[in-house]
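# Descriptive structure summary
Now for the letters of each chain:
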Amino acid sequence: MKKGIITVVGKDRVGIISEVCSYLAKENINILDISQTIVQGFFNMMMIVDVNNVTKPFGEVVDELDKLGNKIGVTIKFQHEEIFNKMHRL
């Protein structure tokens, strides 16, 4: 199974999870695991997702999530699991 890591960070507001999850559902991206916290008004979410059924090129999905983040006032990053793991080695 090919997996991706999505992070969402920004000032908390109503609808962030809804907007992001609606986009993912539309693109056949299944959420496998999700963690979300709010610390002193700042929203932070990390998701592990299954990207096996995505029909668009990965770069296009990355760009669309970036645009969605700009629209809703957060930063959204999407990486292949392998890249994320290599970047976060100790």
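Now for a quick tour of the structure.

The rules behind the values
Residues numbered from 1 in each chain as written. Predicted model: local features only at pLDDT ≥ 70, side-chain atom pairs only at ≥ 80, totals over all residues. Heavy atoms only, no water. Helix = DSSP H or I, 4+ residues; strand = E, 2+ residues; numbered from the N terminus. Buried < 20%, exposed > 50% of the residue type's maximum accessible area, 1.4 Å probe, protein only. Lys, Arg positive; Asp, Glu negative; His and termini not counted. Salt bridge = Lys/Arg side-chain N within 4 Å of Asp/Glu carboxyl O. Contact = heavy atoms within 4.5 Å.

What follows covers the side chain of Asp 50. Examined against the element boundaries, Asp 50 turns out to sit in strand β3 (residues 42-50). We note that Asp 50 is buried and unpaired, the nearest opposite charge coming from Lys 2 at a distance of 8.2 Å. Apart from residues lying up to four places away in sequence, Asp 50 is in contact with Met 1, Lys 2, Asn 28, Ile 29, Asn 30 and Leu 32.

For Asn 28, which is not glycine, the phi dihedral falls at a positive 60°. The topology assignment puts Asn 28 in the loop between α1 (16-26) and β2 (30-39). Given a relative accessible area of 48%, Asn 28 falls into the partly exposed group. Although it is not a glycine, Gln 40 sits at a positive phi angle of roughly 45°. Relative to the elements of secondary structure, Gln 40 occurs in the loop between β2 and β3. Taking relative accessible area as the criterion, Gln 40 reaches 76% and is therefore assigned exposed.

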